Amino acid sequence: MSTPRATDLVLHRASHALEVAFDDGSRFRLPCEYLRVESPSAEVQGHGPGQKVLVAGKRDVNVKAIEPMGNYGVLLRFDDGHDTGIFSWSLLHQLGREHDVRWAAYLAALEAAALSR
């Protein structure tokens, strides 16, 4: 199976969401907060397994700019100043497919740490 490639990207600033369509027919509407807390940057993911940082307080974050990165993805510049980590098409597709599970785990981790969105 080949890696899905994005065919359309629409930033919905008012609703703080990025809509991504793929050549396999799938389409996902990904909240900016979700993208921010799942950023592929080392700042969020760490430098190795088990080093992911729990990012809190991003309920109202938005994407202020989208920059293409070759043919493989985009750099999302968030309005909280975070602008590292390239979102590959493969990662965006995965984040779309796994949204419900990942979001529930994120909310549970916030609650366990007594942190808020």
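Refer to the structure above for everything that follows.
These numbers come from a predicted model, not from an experiment.

Peer 1: Help me out: how do you make sense of the overall build of the chain in this one?
Peer 2: A tally of helices and strands in the chain yields four helices and six strands. Listing the helices and strands of the chain from first to last along the sequence gives β-β-β-α-α-β-β-β-α-α. For a compact globule of 117 residues, the expected C-alpha radius of gyration is about 13 Å, and the chain comes in at 14 Å, within 12% of that figure. C-alpha atoms of the chain, sized along the principal axes, occupy 40 × 30 × 25 Å. Split into buried and exposed, the 117 residues of the chain put 38% on the buried side. In the chain, the proportion of contacts linking residues at least 24 apart, taken out of those at least 6 apart, comes to 43%. Counting every atom, the chain has about 6300 Å² of accessible surface; 52% of that belongs to carbon and sulfur. A gap of 2 Å separates the mean positions of the 13 positive and 15 negative side-chain charges of the chain.

Peer 1: What is the right way to read the sheet that holds strand β1 (residues 6-12) from this model?
Peer 2: Strand order in the open sheet made by the three strands is β1-β2-β3, with antiparallel pairing throughout. Because the sheet does not close on itself, it has two edges, and the strands there are β1 and β3 (27-31). Strand-to-strand twist in this sheet, taken as the mean axis angle between neighbours without regard to direction, amounts to 15°. Alignment of β1 against strand β2 (residues 17-22), held across six bridges, turns out to be antiparallel. Pairing of Val 10 across the sheet is with Glu 19, part of β2. Against the sheet, helix α3 (residues 89-97) makes contact with β1, β2 and β3, and its axis sits at roughly 85° relative to β3, the strand it touches most.

Peer 1: Help me understand helix α4 (residues 99-112) in this model?
Peer 2: An α-helix turns once every 3.6 residues. As a result, residues three or four positions apart point the same way. Here α4 contains 14 residues, and its C-alpha end-to-end distance of 20 Å stays within 8% of the 20 Å for a straight helix at 1.5 Å per residue. For α4, the set of buried residues is His 99, Trp 103, Tyr 106 and Leu 110. Buried residues of α4, viewed axially, fall in a sector of 60°; they line one side. Exposed and facing more than 90 degrees away from the buried side of α4 are Asp 100, Val 101, Glu 111 and Ala 112. The secondary structure elements touched by the buried residues of α4 are β3, α1 (32-37) and α3.

The rules we used
Residues numbered from 1 in each chain as written. Predicted model: local features only at pLDDT ≥ 70, side-chain atom pairs only at ≥ 80, totals over all residues. Heavy atoms only, no water. Helix = DSSP H or I, 4+ residues; strand = E, 2+ residues; numbered from the N terminus. Rg over C-alpha atoms; globule rule 2.2 N^0.38 Å. Buried < 20%, exposed > 50% of the residue type's maximum accessible area, 1.4 Å probe, protein only. Contact = heavy atoms within 4.5 Å. Areas by Shrake-Rupley, 256 points an atom, 1.4 Å probe, with all protein chains shown as cover. Lys, Arg positive; Asp, Glu negative; His and termini not counted. Charge placed at Lys NZ, Arg CZ, Asp CG, Glu CD. Pairing = 2+ DSSP bridges. Axes fitted to C-alpha atoms, helices over the stretch in contact; angles between N-to-C directions. Expected span 1.5 Å × (residues − 1). Arc of directions from axis to C-beta.

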